[in-house]
Amino acid sequence: PRPFFQPYHKPTHEKPRGLYALYLHFCYLLGELPKTYPKREEDNAELREAARRMKQYSAEADLLGRNRIETAGDLHDFTERISAEFETLLMTRGKLRNRLRRMHDTEAMNPIRAEISELSERIRTLRREMVLCRDIAERSDAVEALVDRIEEIDTRAKVRANEKTDISDEKDSI
């Protein structure tokens, strides 16, 4: 007996079915799916870089909102506070590691190891927050200058619009 027909090459992916297929269909109808995909690797790199920046800005905005930081002074105070906490946690973790080196009983080591891992996790989050604060501080002056320039352009446009309405009112009255 001959085997059933099998195509020469198998498709690389399965066709979506069920609820996911319906979701993709509605995304297509709404225009949410991209019309074309980038062909060059450079385009993909630009998209990845834009996505990375977007995630970074989102994390920075989350940090500012979560800690109610509104001014540069607030940011400086917050940075100093987490830096001090960071230093104390590093000192505590170092002392625990030294104590762990002197111990020989594995049962007594487990709670200390757990405490060291908790401290390391907290140190990791503080380090990330410090980096975010540094990036915010570096970029805040440039963003403030850009906002000022945009506001200046808006005020100029409003003044011009008011001048035009004043001129047209004068013509109407004549």
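Asks: Can you explain the overall build of the chain? Please cite residues and give values.
Replies: Summing up its helical and strand segments, the chain has four helices and zero strands in all. Counting from the amino terminus, the chain carries its helices and strands in the arrangement α-α-α-α. Burial analysis of the chain (174 residues in total) assigns 14% to the buried set. In the chain, of all internal contacts separated by at least 6 residues, the share reaching a separation of at least 24 is 60%. Summing over all exposed atoms, the chain offers an accessible surface of approximately 15300 Å²; the carbon and sulfur share of this is 57%.

Asks: Before we move on, could you go through unusual backbone geometry and cite the residues and values that matter?
Replies: The backbone phi angle of Arg 68 is positive, close to 55°, even though this residue is not glycine. Structurally, the position occupied by Arg 68 is in the loop between α2 (41-66) and α3 (72-102).

Asks: Please set out helix α1 (residues 18-30) residue by residue, giving values where relevant.
Replies: Residues separated by three or four positions in an α-helix point in the same direction, a consequence of the helix having 3.6 residues per turn. The terminal C-alpha atoms of α1, which comprises 13 residues, lie 19 Å apart, in line with the 18 Å expected from a rise of 1.5 Å per residue. Taken from the residues just after α1, Gly 31 is the one with a positive phi, measuring 80°.

Asks: Can you tell me about a negative patch on the surface, naming the residues and giving the values?
Replies: Together, Asp 141, Glu 144, Asp 148, Glu 151 and Asp 154 make up a region of like negative charge exposed at the surface. Here Asp 148 shows up in helix α4 (residues 106-173). Among the residues examined, Asp 148 registers a relative accessible area of 42% and is labelled partly exposed.

Asks: Report on the pattern of salt bridges, specifying residues and quantitative values.
Replies: Pairing between side chains becomes possible if they bear opposite charge and their charged atoms approach one another. In this structure the tally under the stated criterion is nine salt bridges. A salt bridge links Glu 49 to Arg 52; its shortest N-O distance comes to 2.5 Å. Note that Glu 49 and Arg 52 are positioned in helix α2 at a spacing of three residues, about one turn of the helix. Exposure remark for Arg 52: the relative accessible area of 44% places this residue in the partly exposed category. Here the salt bridges share partners, and the residues they tie into one network are Asp 62, Arg 66 and Glu 129.

Asks: Pulling in residues and values, what's your account of the confidence of the model for the chain?
Replies: Detailed reading of the predicted coordinates is not advisable wherever pLDDT falls low. Confidence in the prediction for the chain averages 85 pLDDT; 85% of positions are at 70 or higher. When mean pLDDT is taken per element in the chain, α3 scores highest with 95 and α1 scores lowest with 81.

Asks: Go over a nonpolar patch on the surface with me, naming the residues and quoting the values.
Replies: On the surface, a cluster of nonpolar side chains totalling about 650 Å² of accessible area is made up of Leu 19, Leu 22, Phe 26, Tyr 28, Leu 29 and Leu 33. Mapped onto the elements of the fold, Leu 19 is located in helix α1.

Asks: Kindly report on the nonpolar core, identifying the contributing residues and their values.
Replies: Counting residues in hydrophobic clusters, the biggest one holds 18 residues, and the most contacted among them are Leu 63, Phe 78 and Cys 133. Elements with a minimum of two residues in this core: α3 and α4. When neighbours within four sequence positions are excluded, Cys 133 is seen to be in contact with Leu 63, Leu 75, Phe 78, Thr 79 and Ile 82.

Asks: Tell me about α3, and name the residues and values.
Replies: Along its 31 residues, α3 runs 45 Å from first to last C-alpha, staying within 8% of the 45 Å computed at 1.5 Å per residue. Looking at α3, one finds that the buried residues are Leu 75, Phe 78, Ile 82, Phe 86, Leu 89, Arg 93, Leu 96 and Leu 100.

Asks: Account for the side chain of Glu 129, naming residues and giving values.
Replies: Looking at the element boundaries, Glu 129 is found in helix α4. Side-chain polar atoms of Glu 129 contact the side chain of Arg 66, separated by 3.4 Å. Residues contacting Glu 129, with those up to four places away along its chain left out, are Leu 63, Arg 66, Phe 78 and Ile 82.

Asks: Can you explain the side chain of Gln 56? Please cite residues and give values.
Replies: Relative to the helices and strands, Gln 56 resides in helix α2. With a relative accessible area of 19%, Gln 56 lands in the buried category. The contact partners of Gln 56, leaving out residues within four places of it in the chain, are Leu 132, Asp 135 and Arg 139.

Procedures and definitions
Residues numbered from 1 in each chain as written. Predicted model: local features only at pLDDT ≥ 70, side-chain atom pairs only at ≥ 80, totals over all residues. Heavy atoms only, no water. Helix = DSSP H or I, 4+ residues; strand = E, 2+ residues; numbered from the N terminus. Buried < 20%, exposed > 50% of the residue type's maximum accessible area, 1.4 Å probe, protein only. Contact = heavy atoms within 4.5 Å. Areas by Shrake-Rupley, 256 points an atom, 1.4 Å probe, with all protein chains shown as cover. Expected span 1.5 Å × (residues − 1). Patch = residues over 30% accessible without salt bridge, like charges linked within 9 Å, V, L, I, M, F, W, Y side chains within 5 Å. Salt bridge = Lys/Arg side-chain N within 4 Å of Asp/Glu carboxyl O. Lys, Arg positive; Asp, Glu negative; His and termini not counted. Charge placed at Lys NZ, Arg CZ, Asp CG, Glu CD. pLDDT = per-residue confidence, 0-100. Core = buried A, V, L, I, M, F, W, Y, C linked by side-chain atoms within 4.5 Å. Polar contact = N/O pair within 3.5 Å; in protein donor to acceptor, adjacent residues only side chain to side chain.

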